[in-house]
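Listed below are the residues making up each chain.
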Amino acid sequence: MAIRAVLWDFDGTLADTRLKNFNVTQRILSTLHPDVAARAPVANRPEEYDRAYRRLANWREFYTRHLGFSEEETDRAGKLWSRYQLEDATPVPLFEGVCETLQCLGRRPHGVVSQNARAVIRQALSEARVEDFFGSVVGYEEVPMRRQKPAPDGILVSLRRLVDWQPGLVLFVGDHPTDARTARNANQALRESGAKIRVVSVAAAYSCGDSWREWPVQPDEAAQHPRDLLEISHRLEK
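Residues numbered from 1 in each chain as written. Predicted model: local features only at pLDDT ≥ 70, side-chain atom pairs only at ≥ 80, totals over all residues. Heavy atoms only, no water.

## Let's talk about the nonpolar core
Side chains that are nonpolar tend, in soluble globular proteins, to be buried together. Counting residues in hydrophobic clusters, the biggest one holds 31 residues, and the most contacted among them are Trp8, Phe134 and Leu229. Of all elements in the fold, only strand 1 (3–8), helix 6 (98–104), helix 7 (118–127), strand 3 (134–138), strand 4 (168–174), strand 5 (197–204) and helix 11 (228–236) reach the threshold of two or more residues within this core. When sequence neighbours within four positions are dropped, the list of residues in contact with Leu229 reads Trp8, Thr101, Leu105, Leu171, Val173, Val202 and Ala223. Counting 24 residues, the second-largest nonpolar core is a separate cluster that includes Val24, Leu29, Phe69 and Trp81. (Core = buried A, V, L, I, M, F, W, Y, C linked by side-chain atoms within 4.5 Å. Buried < 20%, exposed > 50% of the residue type's maximum accessible area, 1.4 Å probe, protein only. Helix = DSSP H or I, 4+ residues; strand = E, 2+ residues; numbered from the N terminus. Contact = heavy atoms within 4.5 Å.)

In structure tokens form, the structure reads like this:
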């Protein structure tokens, strides 16, 4: 089957956003919950922040379980996220090899499915001069707050935009266990709808290391370097 499109998570997959996200979270805490900012290890050490985030399903769970936010406070934090991200000047570099891989896979449409803000993602892609590769960028604003990953909504929106339900394979590359769960949930929704599309989940091992081997839902493939997507694509299309 032909690979119709390549979908990417943003944070930790296309770009190394760890420090920027940590800085933005600190600012949100200082605005909404300064008492938590002073005492929570995940709010004071970037490595603790990253480790804690990778263990949870999504950003909402991180705010409620690790930072003690109520659901209402978490909604308020989500509304601050985009503005604070755009105001923060921390560099967001793409991972080494991403630009080269996009060029080699350029004949296929690309999309981003992320829980970050669409404006933040587009800004980073524009600064890296790769925005033209992406026919769709789905940020958290386009998906209801209660339907963020691992719900499949972001992937389904992207498929409608990029491939118009043409039969085939779609790669979904991500660095977090939630990304593999999202791909699984998307496949279930596609089967139930009768669409002849299969989402192939690819762990971004160049970012998450070997942690993908312990994910509750195992990815279909693992890329030790972004250029491994070329070999994966060629093999799946044989």
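Next comes the rest of the account.
## With respect to the pairing of strand 4
When you tally the buried positions in strand 4, you get seven out of seven residues, the bulk of the element. Relative to strand 5, strand 4 runs parallel, the two sharing seven bridges. When the sheet's bridge partners are listed, Gly174 is paired in strand 5 with Ala203. At this point the chain moves from strand 4, through helix 9 (residues 177–193), to the parallel strand 5, and the crossover so formed is right-handed. (Pairing = 2+ DSSP bridges. Right-handed = clockwise from strand over helix to strand, strands pointing away.)

## A look at unusual backbone geometry
Glycine aside, negative phi is the norm for most residues, and most peptide bonds take the trans geometry. Across the junction of Lys149 and Pro150, the peptide omega takes the value 20°, indicating a cis bond. Note that Pro150 resides in the loop between strand 3 and helix 8 (153–162). Non-glycine residue Arg129 carries a positive phi angle of around 60°. For Arg129, the location among the structural elements is in the loop between helix 7 and strand 3. Judged by relative accessible area, which is 78%, Arg129 ranks as exposed. With phi around 50°, Asp164 is a residue other than glycine that occupies positive phi space. Since its relative accessible area comes to 56%, Asp164 is described here as exposed.

Note that every value here comes from positions in space, so none of it alone points to a role or purpose.
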